[in-house]
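Structure assessment
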Amino acid sequence: MSRTPVSLLAAGRAALAAVRSSTPLVQCITNSVAVNTTANALLALGAAPAMVDLPEEAGGFAAAASGLLVNLGTPGAEHRAAMRAAVAGATAAGTPWVLDPVAVGSLPVRTELAAVLSDAGPDVVRGNASEVLAVAGAGAGGRGVDATDDAEAAADVAAELAVRTGAVVAVSGPVDVITDGRDTVRVRNGHVHLTRMTGGGCALGAVIAAFAATGPDRLASTVAAVLTYTVAAELAAERAAGPGSFAPAFLDALSVVDGAVLDARASLA
Amino acid sequence: MSRTPVSLLAAGRAALAAVRSSTPLVQCITNSVAVNTTANALLALGAAPAMVDLPEEAGGFAAAASGLLVNLGTPGAEHRAAMRAAVAGATAAGTPWVLDPVAVGSLPVRTELAAVLSDAGPDVVRGNASEVLAVAGAGAGGRGVDATDDAEAAADVAAELAVRTGAVVAVSGPVDVITDGRDTVRVRNGHVHLTRMTGGGCALGAVIAAFAATGPDRLASTVAAVLTYTVAAELAAERAAGPGSFAPAFLDALSVVDGAVLDARASLA
Amino acid sequence: MSRTPVSLLAAGRAALAAVRSSTPLVQCITNSVAVNTTANALLALGAAPAMVDLPEEAGGFAAAASGLLVNLGTPGAEHRAAMRAAVAGATAAGTPWVLDPVAVGSLPVRTELAAVLSDAGPDVVRGNASEVLAVAGAGAGGRGVDATDDAEAAADVAAELAVRTGAVVAVSGPVDVITDGRDTVRVRNGHVHLTRMTGGGCALGAVIAAFAATGPDRLASTVAAVLTYTVAAELAAERAAGPGSFAPAFLDALSVVDGAVLDARASLA
């Protein structure tokens with residue numbers, strides 16, 4: 001690939017430092033399950049969460065925010081209107097935004113919404129393999145849905161989706177796959193406890209938005225976000241007795257992970 | 001009773017093992033307070049939560065889910081429509097479903113809804129004594145509402161409610177009472193910290209739905225769920241410094257409690 | 001000031017004991033981010049939370065509750081209707097209620113709502129400096145919005161707001177400022193971790209409502225609430241490894257803080 005792991009790691013360290021020094025304001029329109037964990041993850045990281053999710057307020061706020069997360073986990077009617085307003089506001093103002101197409105595929109409301117939103121120019125799409133395959137299938141030329149937890153199996157489709165939408169696509173799994181359609185990066189960090197903490201994937205979407213606020217290099221900032229997040233999970237797992245105690249330990253770890261820890265832990269390819 | 005504690009404990013061990021091996025998909029339409037704890041409890045147990053709570057999506061999903069929880073804690077208009085759709089979908093497909101009539105009694109919207117839903121054939125009704133008495137009073141032949149925390153005081157009404165609705169009725173309290181109208185079982189396990197962790201009762205409803213997915217014996221599966229849950233609370237209390245540290249310890253305990261622990265700890269009568 | 005720190009501390013000890021012995025029932029109409037933390041804080045303190053937030057139920061419940069919190073964090077349409085109903089019910093019945101004007105200022109829906117609600121006679125208004133300045137500016141004779149984290153800078157405006165609305169105004173910050181327009185009290189307790197636990201400020205609003213239920217002296221009960229809350233934060237910080245482990249430790253501390261701890265720790269002026 002044209003981007004080397006060494007250069008991405010260096011960019012990742014810089015992006016993490018930039019998040020810490022700039023406290024990006026991340027607007028989140030997200031689901032009821034993950035909203036608390038998402039806000040706490042942003043705070044622990046050093047960013048500032050703002051759950052501005054009213055249709056009448058979301059667009060104006062998105063224009064002023066540093067980044068925006070649109071997560072389709074529990075997209076009630078009012079949230080759907082807020083998402084459309086926020087995406088319009090973010091687009092007009094150049095605010096980077098992340099689409100997390102939770103459970104898209106067979107569920108009709110969110111699948112239709114994901115098709116509209118993925119065509120609206122997200123900066124990053126983050127999901128598991130099934131969700132990324134479903135989003136790709138919901139648009140023109142997609143391959144349809146295929147339930148799988150293996151991010152690698154979705155790598156080619158993710159790259160095509162990146163080319164079609166202009167978004168960086170991040171596929172979460174035991175190995176995370178991140179692609180802009182030209183370069184595809186794999187992050188081998190993480191821990192299984194992250195999958196047993198509800199909102200673990202959803203909060204990553206918000207962290208990706210925080211990192212996207214640090215500069216225009218979307219591939220590098222997304223790799224940096226995934227790396228920071230999954231390395232923090234490794235640190236937390238060393239202190240956790242199970243999936244319950246993992247959650248507070250993970251927030252503790254997010255608040256202290258730094259460039260030196262990334263250097264020591266990163267497994268990029 | 002015709003079901004002995006020994007036979008119920010044996011069935012409970014088998015049900016817990018079945019939950020772990022089958023990863024039941026439990027749809028939850030639940031309140032905003034407990035939704036995060038509920039998802040985490042299911043994940044810790046080894047089940048898979050899915051908070052599919054849109055009116056347009058809930059019915060179809062319920063038909064495919066392993067189990068369904070309908071919890072009336074904060075039943076906004078959109079949630080109420082989703083609950084009705086989900087119950088219809090579950091009923092048509094034979095998906096077992098649990099009704100948790102939170103705060104039913106004097107509050108009009110949820111009391112009317114509980115009356116409709118309890119007549120719609122839930123597999124299990126779970127509540128505290130006041131709620132079970134209120135649900136019984138809301139239907140034909142009930143005794144009206146009587147605020148009390150003593151599950152035993154509601155045992156007879158619970159048995160009548162079970163006969164009338166065909167549901168197993170689980171009354172939570174310092175001693176849990178579980179009845180199908182013929183046999184009534186008491187579970188003496190648990191810890192007071194469970195009452196100081198918000199969502200502690202609500203998440204149990206979801207766990208009951210996960211166990212209901214393991215087979216048609218609703219009394220045994222509900223006893224198994226309550227037993228697993230309350231024994232995990234005992235394990236957690238041994239590690240907790242208070243109600244705050246109890247919560248992560250409880251999730252840790254839910255993830256490791258097994259048949260041997262149930263054998264050693266169960267207090268059934 | 002006419003109220004001395006010594007007399008306020010004595011009143012605070014009594015109010016804390018009264019919360020513990022009376023288990024006030026606190027209705028909360030609050031945002032999706034903080035709702036779980038808020039319920040847990042009330043439970044840990046020894047109060048009883050009730051998130052009754054339907055327009056059809058909120059007014060009647062407020063008339064019977066011990067206290068009410070109206071928090072504008074994520075005020076969807078249904079919540080806004082419930083807030084108006086609850087305030088009407090509380091006002092008619094004399095139930096003390098707390099207004100938390102989250103993010104009021106530039107966001108139009110909540111700013112308009114805060115103007116209406118602050119004119120409806122809240123017993124306490126709690127916010128950070130920017131929010132208090134915004135609420136003051138939204139009414140007659142206000143000074144407009146000025147973003148700042150320094151509660152002291154808002155002290156004069158807070159006192160004016162207290163005089164105009166009849167509410168005690170509590171401004172959260174590194175030093176908390178609490179005023180009834182005649183006396184202004186400063187609480188120097190607390191810990192920075194409280195600002196990195198999402199819902200940390202929102203849950204304080206509910207705790208203030210619980211203390212308001214203990215008697216008619218709103219200045220003393222609000223000082224007592226802030227003191228109890230911020231002293232618990234100090235206890236928790238001593239046990240926490242970071243912002244994640246702070247959260248459960250804070251609930252543990254809230255459950256044990258008592259008059260003797262307040263005496264030893266209070267920094268009032």
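Criteria and cut-off values
Residues numbered from 1 in each chain as written. Chains lettered and ligands numbered in written order. Predicted model: local features only at pLDDT ≥ 70, side-chain atom pairs only at ≥ 80, totals over all residues. Heavy atoms only, no water. Helix = DSSP H or I, 4+ residues; strand = E, 2+ residues; numbered from the N terminus. Buried < 20%, exposed > 50% of the residue type's maximum accessible area, 1.4 Å probe, protein only. Contact = heavy atoms within 4.5 Å. Least-squares fit on C-alpha atoms with pLDDT ≥ 70 in both. Pairing = 2+ DSSP bridges. Axes fitted to C-alpha atoms, helices over the stretch in contact; angles between N-to-C directions. Salt bridge = Lys/Arg side-chain N within 4 Å of Asp/Glu carboxyl O. Polar contact = N/O pair within 3.5 Å; in protein donor to acceptor, adjacent residues only side chain to side chain. Buried area = accessible area lost by both parts, 1.4 Å probe. Nonpolar A, V, L, I, M, F, W, Y, C, P; charged D, E, K, R; others polar. UniProt positions renumbered as here; feature names shortened; annotations may be inferred.

Residue and element names in this part refer to chain B. Note on placement: Thr-95 falls in the loop between helix 4 (77-93) and strand 4 (97-100). Given the relative accessible area of 5%, Thr-95 is considered buried. Once residues lying within four places of it in the same chain are set aside, the contact partners of Thr-95 are Ala-62, Ala-63, Ala-65, Ser-66, Gly-67, Leu-68, Ala-90 and Asp-123.

Two copies of one chain are present, and they are related through a rotation about an axis combined with an axial shift. Placing chain A over chain B gives an RMSD of 0.0 Å and needs a rotation angle of 120°, together with 0.0 Å of translation along the axis. One copy is carried onto the other by what is essentially a three-fold rotation axis. Residues of chain A ranked by C-alpha distance from the rotation axis are headed by A:Ser32, positioned 3.8 Å from it. Taken together, the interface assignments show that only 4% of the residues at the interface of chain A recur at the interface of chain B, consistent with different surfaces on the two copies.

Below, the discussion takes up the sheet that holds strand 8 (residues 184-187) of chain B. Residues and elements named next belong to chain B. Here we have eight strands laid out as an open sheet, ordered 2-1-3-4-5-6-7-8, and mixed in their pairing. At either end of the open sheet lies a strand with only one pairing partner, and these are strand 2 (48-50) and strand 8. Strand-to-strand twist in this sheet, taken as the mean axis angle between neighbours without regard to direction, amounts to 20°. Note: strand 1 (residues 25-29) against strand 2, three bridges, orientation parallel.

Right, let's get into the pattern of salt bridges. Tallied over the entire structure, the rule returns 33 salt bridges over all chains. With a shortest N-O distance of 3.7 Å, C:Arg80 and A:Glu56 are connected by a salt bridge. Linking C:Arg80 in helix 4 (residues 77-93) with A:Glu56 in helix 3 (residues 55-64), this pair reaches from one chain into another. Residues A:Arg218 and A:Asp123 are paired through a salt bridge, measuring 3.0 Å at the closest nitrogen-oxygen approach. Residue A:Arg218 is located in helix 9 (residues 218-237), and its partner A:Asp123 is located in the loop between helix 5 (108-118) and strand 5 (124-128); the two are separated by 95 residues in the primary sequence. Here A:Arg218 falls in the buried class, since its relative accessible area comes to 18%. Overall, the relative accessible area of 18% leaves A:Asp123 in the buried class. Each of A:Glu234, A:Glu238 and A:Arg265 takes part in salt bridges that share partners, so that together they form one network.

All names here are of chain B. Within the element layout of this structure, Ser-22 appears in helix 1 (residues 5-22). Separated by 191 residues in the primary sequence, Ser-22 and Ala-213 have C-alpha atoms spaced 9.2 Å apart. A polar contact is formed between the side chain of Ser-22 and the backbone oxygen of Ala-18, at a distance of 2.6 Å.

Contact with chain A, which involves 23 residues of that partner, is made by 20 residues of chain B. Taking both sides of the interface into account, the surface hidden between chain A and chain B amounts to around 1600 Å²; carbon and sulfur atoms contribute 57%. On inspection of chain A and its partner chain B, the count reaches two salt bridges. The interface formed by chain A and chain B contains ten residue pairs in polar contact (both at pLDDT 80 or more). Counting only elements with at least two residues in the side of chain A that touches chain B, the list comes to helix 4 (77-93), helix 5 and helix 10 (243-256) of chain A. Ranked by residues supplied to the side of chain A that touches chain B, first place goes to helix 10 of chain A with four residues. For the side of chain A that touches chain B, the residue count by class is ten nonpolar, ten polar and three charged.

Looking now at the UniProt feature "binding site: substrate" (unreviewed entry) in chain A. Residues given the UniProt feature "binding site: substrate" (unreviewed entry) here are A:Met51 and A:Gly199. With respect to the secondary-structure elements, A:Met51 resides in the loop between strand 2 (48-50) and helix 3. Overall, A:Met51 belongs to the buried group, its relative accessible area being 9%. Those residues in contact with A:Met51 that sit more than four places away from it in its chain are A:Cys28, A:Val35, A:Thr38, A:Ala39, C:Val33, C:Gly73 and C:Thr74. Relative accessible area serves as the criterion here: at 11%, A:Gly199 is assigned to the buried category. Not counting residues up to four positions away in its chain, the partners in contact with A:Gly199 are A:Ala34, A:Thr37 and A:Tyr229.

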